[in-house]
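# Topology and contacts: notes
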Amino acid sequence: MRVFKNKPFSRFARQERIDDAMLCNAVRRADAGLIDADLGGGVIKQRIPRRNQGASRGFRSIVLFKKGEKSFFIHGFAKSHQDNIQQNELKAFRELAKEMFALTNSELLAIIENKTITEIICDE
């Protein structure tokens, strides 16, 4: 499975000290069927635990997820800062999921090269 993160999510992860291994673990759980919330249209909400604390006190991530293929971390937030996402945000995330999953490999390479997204290398 290929795993990516966009610029805003990368910034969020850096500020909250969320490393790539934690993101890989979240995707592995989702790929195994352990999805915290399926929001439909290829959009899931997945928990990321804080260091030395449980997932319930951790962070929430919005991931564009296609089982066994690709995952894009696009939005992250602490539960204490945001209750949930709004309906208009969910609609936009679903539209983005359609677009991202339709990308060809060459289109995906182009957006990686212009640093819009970064690929995360997960050891399988």
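Residues numbered from 1 in each chain as written. Predicted model: local features only at pLDDT ≥ 70, side-chain atom pairs only at ≥ 80, totals over all residues. Heavy atoms only, no water.

### Section: the side chain of Lys 45
Note the cut-off: Runs of E in the DSSP output that reach at least two residues are strands. Runs of H or I that reach at least four are helices, and both are numbered from the N terminus. The buried label goes to any residue with under 20% of its type's maximum accessible area, the exposed label to any with over 50%, and the partly exposed label to all in between, with areas taken from a 1.4 Å probe on protein chains only. We call two residues in contact when some of their heavy atoms are within 4.5 Å.
Checked against the element boundaries, Lys 45 lands in strand S3 (residues 43-48). In this structure Lys 45 comes out as buried when scored by relative accessible area, which is 16%. The residues contacting Lys 45, other than those within four sequence positions of it, are Ile 35, Asp 36, Ala 37, Leu 39, Arg 60, Ser 61, Ile 62, Phe 77 and Asn 84.

### Side note on a positive patch on the surface
Just so we agree on the cut-off: Only residues whose relative accessible area exceeds 30% and that form no salt bridge enter a patch; like-charged residues are grouped when within 9 Å of one another, and nonpolar side chains (Val, Leu, Ile, Met, Phe, Trp, Tyr) when within 5 Å. Residue exposure ignores everything except the shown protein chains as possible cover, and the areas themselves are Shrake-Rupley values with a 1.4 Å probe. Put simply, a salt bridge is a Lys or Arg side-chain nitrogen that is within 4 Å of an Asp or Glu carboxyl oxygen. The sign given to each residue is positive for Lys and Arg and negative for Asp and Glu; His and the chain ends receive no count. Charge positions are represented by NZ for Lys, CZ for Arg, CG for Asp and CD for Glu.
Together, Lys 7, Arg 11, Arg 14 and Lys 115 make up a positively charged patch on the protein surface. Position of Lys 115 among the secondary structure elements: in the loop between helix H4 (105-113) and strand S6 (117-120).

### Some details on the pairing of strand S1 (residues 2-6)
As a reminder, the rule being used: At least two bridges found by DSSP between two strands are what make those strands a pair.
Counting buried positions along S1 gives 4 out of 5 residues, so the element sits mostly inside the fold. In this structure, S1 lies alongside strand S5 (residues 70-78), joined through 4 bridges in parallel fashion. Within S5, the position partnered with Phe 4 by the bridge is Phe 72. The pairing of S1 with S6 spans 4 bridges and is classified as antiparallel. Following the sheet pairing, Asn 6 is matched in S6 by Ile 117.

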